[in-house]
Protein chains: 4
Amino acid sequence: MAKQACFLIQTEDRKGILAEISAFFAGNAFNVLECKQYSDMRENRYYMRVVIDMEKDCMTRRALSDAFAEVAARMNLKYSLHFSDDRCRMAILVSKTSHCLYDLLAHVREGDLPCEVPLVLGNHPELEHVADMFNIPFFCCPVEEGRSLEQEKAVLEILQQHKIDLVVLARYMRILSESFIEQYQNRIINIHHAFLPAFQGGNPYMRAWQRGVKMIGATAHYATPELDEGPIIEQDVERITHEASPDDLKQIGKDIERRVLTRAVRAHLEHRVIITGRRTIVFAR
Amino acid sequence: MAKQACFLIQTEDRKGILAEISAFFAGNAFNVLECKQYSDMRENRYYMRVVIDMEKDCMTRRALSDAFAEVAARMNLKYSLHFSDDRCRMAILVSKTSHCLYDLLAHVREGDLPCEVPLVLGNHPELEHVADMFNIPFFCCPVEEGRSLEQEKAVLEILQQHKIDLVVLARYMRILSESFIEQYQNRIINIHHAFLPAFQGGNPYMRAWQRGVKMIGATAHYATPELDEGPIIEQDVERITHEASPDDLKQIGKDIERRVLTRAVRAHLEHRVIITGRRTIVFAR
Amino acid sequence: MAKQACFLIQTEDRKGILAEISAFFAGNAFNVLECKQYSDMRENRYYMRVVIDMEKDCMTRRALSDAFAEVAARMNLKYSLHFSDDRCRMAILVSKTSHCLYDLLAHVREGDLPCEVPLVLGNHPELEHVADMFNIPFFCCPVEEGRSLEQEKAVLEILQQHKIDLVVLARYMRILSESFIEQYQNRIINIHHAFLPAFQGGNPYMRAWQRGVKMIGATAHYATPELDEGPIIEQDVERITHEASPDDLKQIGKDIERRVLTRAVRAHLEHRVIITGRRTIVFAR
Amino acid sequence: MAKQACFLIQTEDRKGILAEISAFFAGNAFNVLECKQYSDMRENRYYMRVVIDMEKDCMTRRALSDAFAEVAARMNLKYSLHFSDDRCRMAILVSKTSHCLYDLLAHVREGDLPCEVPLVLGNHPELEHVADMFNIPFFCCPVEEGRSLEQEKAVLEILQQHKIDLVVLARYMRILSESFIEQYQNRIINIHHAFLPAFQGGNPYMRAWQRGVKMIGATAHYATPELDEGPIIEQDVERITHEASPDDLKQIGKDIERRVLTRAVRAHLEHRVIITGRRTIVFAR
């Protein structure tokens with residue numbers, strides 16, 4: 001893969017931002033491969049994603065980082081910088097259902113998700129064999145009665161030891177504490193098995209059946225302390241009929257969940273997502 | 001159009017229903033053109049839609065009605081019977097937005113909705129010109145401050161005078177009273193501009209924008225006394241991006257609303273819908 | 001509506017284009033409301049759409065036009081410039097089926113298609129009443145046996161007299177001559193009732209039925225001398241079942257055709273389409 | 001799983017079929033769990049799928065088979081009979097790309113595809129590790145220069161030795177001979193990486209890019225001697241933009257291919273497909 005650098009930028013909207021930022025790259029002889037921007041006129045915010053070619057390095061990474069930091073300070077930009085060969089270290093947290101786990105790991109294997117997976121972690125031992133199949137270390141952190149904080153601490157330690165950048169909750173059936181979420185702020189992606197904000201909380205397929213909806217869906221979002229309230233990255237739905245029982249919905253839903261979660265993780269790993277309040281800017285591929 | 005009779009049937013599920021009912025039609029030398037059924041094993045209910053050919057009448061309608069009534073009494077069937085040349089009389093109720101009204105009337109004109117439209121009724125005068133275009137009488141029933149029951153009474157009278165069978169709320173921005181709804185039970189179709197049960201109530205597009213959803217939708221349902229809680233007939237969604245402002249959502253939503261409402265009305269007019277509690281059985285075309 | 005100017009630009013891809021163009025707007029104190037670009041690395045082409053605010057005119061239109069023309073000459077840009085209050089004059093050509101015509105005219109009426117419709121033109125008289133409903137002049141140009149060039153000449157004259165900018169073929173069942181198409185190059189939008197390149201040519205619904213496809217579609221494209229081969233603007237599909245007869249496909253297809261054509265026309269009218277060879281760049285809203 | 005028997009029936013359409021068949025099941029005290037039918041009036045054919053409960057066997061399987069065979073002979077029915085605990089033996093044929101293989105095997109593991117997979121067979125050795133992960137025997141049948149018939153013979157022998165019922169071509173990049181296809185008539189499912197009949201033959205993603213389509217798709221169909229012409233079981237599409245390069249289309253396409261193939265295989269395994277000429281009847285779940 002070509003060496004590239006990707007900037008995700010946000011700032012207050014005003015005249016001349018694009019000109020100033022693009023002048024920086026042009027002035028340093030970088031080729032801009034992609035540049036997407038969005039001005040939210042309601043909130044007066046400006047969002048930008050710029051990908052530049054680092055192939056024929058005119059500058060070292062360090063020099064680029066330092067130079068852009070100066071620009072950002074002057075222009076009051078909030079930004080992050082990502083180099084294409086810094087691979088994200090992603091941990092997958094699971095309970096007992098395997099469909100999202102299989103889909104993520106198969107995509108990683110096929111080279112369709114640019115990351116490493118140093119570990120899979122379960123609060124149950126059931127899915128160890130799946131991690132084994134893919135030669136990925138599996139950690140089991142069961143929850144003992146009344147000792148859920150201890151379990152969470154154990155989980156956190158493992159994530160930190162392995163320098164995890166992104167935590168994917170692939171049908172991990174535990175509610176995380178506020179303190180856990182803050183330590184991985186904007187770096188925890190959850191899949192909810194409903195089309196949020198419909199059917200927040202538990203048992204969404206049964207409730208969808210009872211309500212008689214004609215489509216069911218799934219939602220991938222960043223975890224925040226408020227359950228199922230975090231910024232949405234991706235959603236999808238499928239049409240159902242009256243014939244589908246709650247169990248059928250669960251089965252149909254599995255296929256929606258796996259593709260929604262995998263797409264959301266891909267968007268994050270490709271640095272196409274900027275979070276702003278309860279919303280996300282997801283630049284299309 | 002060929003003359004046909006359509007039966008919508010529901011009963012307790014048990015062995016032999018299909019055999020018994022189909023024996024009735026075979027015994028009377030009717031050709032069964034379509035027969036769909038669904039057994040809801042959770043609730044132990046049986047639902048059926050049968051269309052038979054009346055072309056070479058072996059029986060008069062009256063004879064058929066009487067004969068089947070006997071079968072139904074014996075088998076404890078709840079049913080309705082519809083002859084293809086009895087055209088439904090549909091009233092369209094509107095306020096100020098015209099997109100659903102245009103779409104319904106254009107479909108009627110093109111012969112794609114089997115009904116008559118004796119009238120359009122608005123609580124505002126704005127859409128009279130649309131009714132005029134299609135040569136359909138327009139009635140304006142404005143709501144005077146604090147006199148909404150009087151207005152509803154006036155509406156009811158007009159509907160009754162015109163022997164209306166089906167009331168379509170095509171973005172009619174009034175909440176109907178329980179007594180109104182009961183008089184047209186299972187015969188009022190409403191379009192809600194959100195993917196229910198998400199964003200029940202007012203201002204759904206603004207709330208969808210604030211929540212940052214990645215798809216918006218619309219829902220057509222039978223009106224019940226509980227607002228936006230009636231049995232759903234049809235839903236659809238469209239993918240949106242972060243760039244869509246609340247006003248853009250409104251515009252995109254209009255196209256979803258019009259197709260969802262038109263499809264729901266068509267399903268009702270083609271006698272493909274059975275209501276059961278909060279759910280509908282919608283037999284596909 | 002706010003006064004805006006929109007530039008559609010294409011040129012050879014190279015370093016610094018974005019910086020140079022955005023410097024022009026910043027240097028002239030314009031606020032850039034939207035800016036989208038795309039670098040096609042395969043073909044080494046660069047495409048851009050820029051919308052600027054003209055509210056507090058720092059420059060007259062004329063001055064802006066002249067100044068940008070200089071930039072374009074220096075940078076070797078191919079471009080078009082559109083002011084938001086120059087409304088496009090759109091002619092709709094029809095034969096006997098009305099569904100696309102209704103949908104276009106209803107959208108224009110509702111303010112959802114920014115254009116004027118000076119005329120509807122049919123090669124049959126059938127749809128005059130629809131034009132009448134919307135108070136739009138209708139011209140009938142029937143084709144006499146063996147005199148199709150004469151008819152086309154009559155059509156052209158009418159279009160020219162009315163200074164038509166965009167010709168929409170809303171199920172106009174005539175093949176246009178090469179010379180006609182050249183006079184309205186890139187300004188004729190056609191709707192084909194199939195998912196191109198499947199089922200090019202006549203009778204697509206019957207052929208779709210015979211082939212047993214599980215989805216049918218429609219395609220809006222710019223007309224070119226090669227039938228059904230022009231650059232595609234928009235496509236959509238709908239799922240069908242084995243139960244749908246060829247006539248059902250036709251009816252289902254009408255709803256796909258109307259929304260695909262309306263969306264394509266909207267994209268054109270909002271200056272979101274750049275044509276390049278057989279492909280289009282369609283900047284999302 | 002409950003013990004059930006499923007009949008797939010087709011015959012000439014005529015009066016009384018439904019009554020006669022349902023009388024058979026009622027007369028033998030079977031509970032009909034599902035019954036779907038379809039009358040193709042164009043071709044005067046009748047299609048039916050009946051699922052009955054075998055839990056409290058009133059008859060042995062043998063007795064049921066024999067009794068129904070008599071009915072079928074009398075009524076001139078073409079049919080197949082499937083018992084829910086006879087599990088289909090499915091072979092998966094692959095070349096070098098693994099995405100469909102992973103998806104099928106993960107679904108089998110999760111219990112979402114009712115079959116056994118006695119073997120995976122490749123014409124290249126690359127995917128042996130995937131079969132290994134799932135503990136499934138892998139057979140490699142490479143094609144030597146000019147000896148493709150010998151290879152096919154080797155493949156056939158392996159399939160026969162393992163009593164394979166269904167052959168799934170999961171991106172198996174070989175054209176099968178007519179004789180091979182006849183031996184597994186209506187029992188070979190292929191995935192084509194385009195929305196047939198668009199882009200039949202090789203290199204569909206590149207051709208889709210060149211044509212500038214706005215959606216790409218995939219098609220699962222039964223293999224017939226004519227390449228990409230067999231009866232279609234399932235299709236799906238995804239919307240793409242001008243930004244997607246041919247390589248991006250390939251990647252997006254992988255996700256469409258995997259879900260289309262898995263759905264088609266599921267429909268076949270659940271005995272929901274009847275083949276009739278170039279078309280399929282696929283009874284919905």
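Residues numbered from 1 in each chain as written. Chains lettered and ligands numbered in written order. Predicted model: local features only at pLDDT ≥ 70, side-chain atom pairs only at ≥ 80, totals over all residues.

Observations regarding the overall build of chain A
Let me state the cut-off plainly: Helix and strand assignments follow DSSP, with helices taken as H or I runs no shorter than four residues and strands as E runs no shorter than two, numbered in order from the N terminus. Here the globule rule is a power law, 2.2 Å times the number of residues to the power 0.38, and the radius of gyration is based on C-alpha atoms. Residues are called buried when their C-beta atom has 20 or more other C-beta atoms within 10 Å, exposed when it has 12 or fewer, and partly exposed otherwise; all C-beta atoms are positioned from the backbone. In this description, any two residues whose backbone-derived C-beta atoms lie within 7 Å of each other are considered to be in contact.
The helix and strand tally for chain A stands at eight helices and 13 strands. In terms of overall size, chain A behaves like a compact globule, its C-alpha atoms giving a radius of gyration of 21 Å where 285 residues would be expected to give roughly 19 Å. The buried share of chain A, reckoned over its 285 residues, is 45%. Restricting the contact set of chain A to residue pairs at least 6 apart, pairs at least 24 apart contribute 67%.

Thoughts on the packing of helix α3 (residues 99-109) of chain B against helix α8 (residues 246-269) of chain B
All names here are of chain B. Condition: Throughout, an axis means a line fitted to C-alpha atoms (over the contacting stretch in the case of helices), and angles, computed between N-to-C directions, take values from 0 to 180 degrees. Here is the rule for angles: anything less than 35 degrees is roughly parallel, anything more than 145 is roughly antiparallel, 65 through 115 is roughly perpendicular, and the remaining ranges are oblique. The sense of a crossing depends on the near helix, which, turned anticlockwise from the far helix by less than a right angle, makes the crossing left-handed and, turned clockwise, makes it right-handed. Gly falls in the polar group here, along with every residue not listed as nonpolar (Ala, Val, Leu, Ile, Met, Phe, Trp, Tyr, Cys, Pro) or charged (Asp, Glu, Lys, Arg).
Here α3 crosses α8 at 40°, and the two axes come no closer than 9 Å. By the angle between their directions, the pair α3 and α8 is classed as oblique. In terms of crossing hand, the pair formed by α3 and α8 is right-handed. In this structure, α3 uses H99, C100, D103, L104 and H107 to contact α8, whose residues at the interface are K254, E257, R258, L261, T262 and V265. Residues belonging to the contact of α3 with α8 are distributed by class as follows: four nonpolar, three polar and four charged.

Some words on the relation of the copies chain A and chain B
Worth spelling out the cut-off: Least-squares fitting of one copy onto the other uses the C-alpha atoms of those residues that reach a pLDDT of at least 70 in both copies.
Superposing chain A onto chain B takes a rotation of 180° combined with a translation of 0.0 Å along the rotation axis, leaving an RMSD of 0.0 Å. Both copies are brought into coincidence by an operation consistent with a two-fold rotation axis. The rotation axis passes nearest to the C-alpha of A198(A) in chain A, at a distance of 2.2 Å. Of the interface residues in chain A, 100% have counterparts in chain B that sit at the interface too, so the contact is made through matching surfaces.

Some details on the interface of chain B and chain C
Between chain B and chain C, the residue contacts involve 15 residues of the former and 15 residues of the latter. Elements with a minimum of two residues in the side of chain B that touches chain C: α3 and α8 of chain B. Among the elements that make up the side of chain B that touches chain C, the one with the highest residue count is α8(B) (four residues). Per-class residue counts for the side of chain B that touches chain C are four nonpolar, four polar and seven charged.

Some details on the interface of chain A and chain B
Every contact between the two is made by 24 residues of chain A and, on the other side, 24 residues of chain B. Looking at the side of chain A that touches chain B residue by residue, the classes come out as eleven nonpolar, six polar and seven charged.

Considering the pairing of strand β2 (residues 32-40) of chain C
Residues and elements named next belong to chain C. Defined as follows: Note on pairing: DSSP must find at least two bridges between two strands before they are called paired.
The sheet contact formed by β2 and strand β3 (residues 45-53) spans eight bridges and is antiparallel. Paired with Y38 across the two strands is Y47, which belongs to β3. Connecting the antiparallel pair β2 and β3 is a turn made up of four residues, with N44 showing a positive phi of about 55°.

Digging into the domain arrangement of chain A
Residue and element names in this part refer to chain A. Quick reminder of the rule: For each domain, the first and last residues come from an automatic or database assignment.
Partitioning chain A into domains gives domain 1 (4-83) and domain 2 (88-282). The C-alpha centroid of domain 2 is placed 31 Å from the C-alpha centroid of domain 1. Facing eight residues of domain 1, the contacting portion of domain 2 comprises five residues.

Considerations on the sheet that holds strand β3 (residues 45-53) of chain B
All names here are of chain B. Strand order in the open sheet formed by four strands is β2-β3-β1-β4, and the pairing between neighbours is antiparallel. Each edge of the sheet is formed by a strand with only one pairing partner; in this case those strands are β2 (32-40) and β4 (78-83). Between one strand and the next, the sheet's axes are offset by a mean angle of 10°, whatever the strand orientation. For strand β1 (residues 4-12) and β4, the ladder comprises six bridges, and the chain directions are antiparallel. Residue pairing across strands places C6 opposite H82, the latter belonging to β4. Packed onto the sheet, helix α2 (residues 61-75) meets β1 and β4 and runs at close to 165° relative to β4.

Some words on the confidence of the model for chain A
In plain terms, the rule: The pLDDT value tells you how sure the predictor is about a given residue, anywhere from 0 up to 100.
Scored by pLDDT, chain A comes out at a mean of 95, with 99% of its residues at no less than 70. In the predicted complex, the global pTM is 0.96; the interface-specific ipTM is 0.94.

Thoughts on the relation of the copies chain B and chain C
Screw-axis analysis of chain B against chain C gives a translation of 0.0 Å along the axis, an RMSD of 0.0 Å, and a rotation angle of 180°. Take the interface residues of chain B: 100% of them recur as interface residues in chain C, which is what a same-surface contact looks like.

Thoughts on the nonpolar core
What counts, and what does not: Take the buried Ala, Val, Leu, Ile, Met, Phe, Trp, Tyr and Cys residues, join any whose C-beta atoms are within 7 Å, and the set you get is a nonpolar core.
Core analysis: the biggest nonpolar cluster contains 348 residues, and A170(A), A170(B), A170(C) and A170(D) have the highest contact counts within it. With residues up to four places along the chain from it excluded, the contact list for A170(B) reads I92(B), L93(B), V94(B), C100(B), L101(B), L104(B), I191(B) and L261(B).

Concerning helix α2 (residues 61-75) of chain A
What counts is decided by this rule: Helix span, expected: 1.5 Å multiplied by one less than the number of residues in the helix.
Helix length check: α2(A), at 15 residues, gives a terminal C-alpha distance of 21 Å against a target of 21 Å (1.5 Å per residue), a fit within 8%. Taken from the residues just after α2(A), N76(A) is the one with a positive phi, measuring 60°.

Quick look at the sheet that holds strand β6 (residues 115-122) of chain C
Residues and elements named next belong to chain C. The mixed open sheet is built from seven strands, whose spatial order is β7-β6-β5-β8-β9-β10-β11. Strand pairing shows two members of the sheet lacking a second neighbour, β7 (138-140) and β11 (232-239), which therefore form its edges. Strand-to-strand, the axes of this sheet are offset by a mean angle of 20°, without reference to chain direction. In this sheet, β11 lies alongside strand β10 (residues 215-222) in antiparallel orientation, the contact comprising seven bridges.

Regarding the packing of helix α7 (residues 204-211) of chain D against helix α8 (residues 246-269) of chain D
The relative placement of two packed helices comes down to the angle between their axes together with the axis-to-axis distance. Residue and element names in this part refer to chain D. Where α7 meets α8, the axes come as close as 9 Å, and the angle between the chain directions of the two elements is 125°. Relative to α8, the element α7 is oriented oblique. As for the relative orientation of α7 and α8, their crossing is right-handed in sense. Residues Y205, M206, A208 and W209 of α7 touch α8, and the partners they reach there are P246, L249, K250 and G253.

Description of helix α5 (residues 148-161) of chain C
Its 14 residues place the ends of α5(C) 20 Å apart at the C-alpha level, agreeing with the 20 Å of an ideal helix rising 1.5 Å per residue. Of the residues flanking the end of α5(C), it is K163(C), one or two places downstream, whose phi is positive at about 50°.

A look at unusual backbone geometry
In this structure, the amide linkage connecting L196(C) to the following residue, P197(C), adopts the cis form with an omega of 5°. Mapped onto the fold, P197(C) is located in the loop between β9 (188-192) and α7 (204-211). With a phi angle near 55°, H271(D) is a residue other than glycine that sits in the positive phi range. Along the chain, the position of H271(D) falls in the loop between α8 and β12 (273-276).

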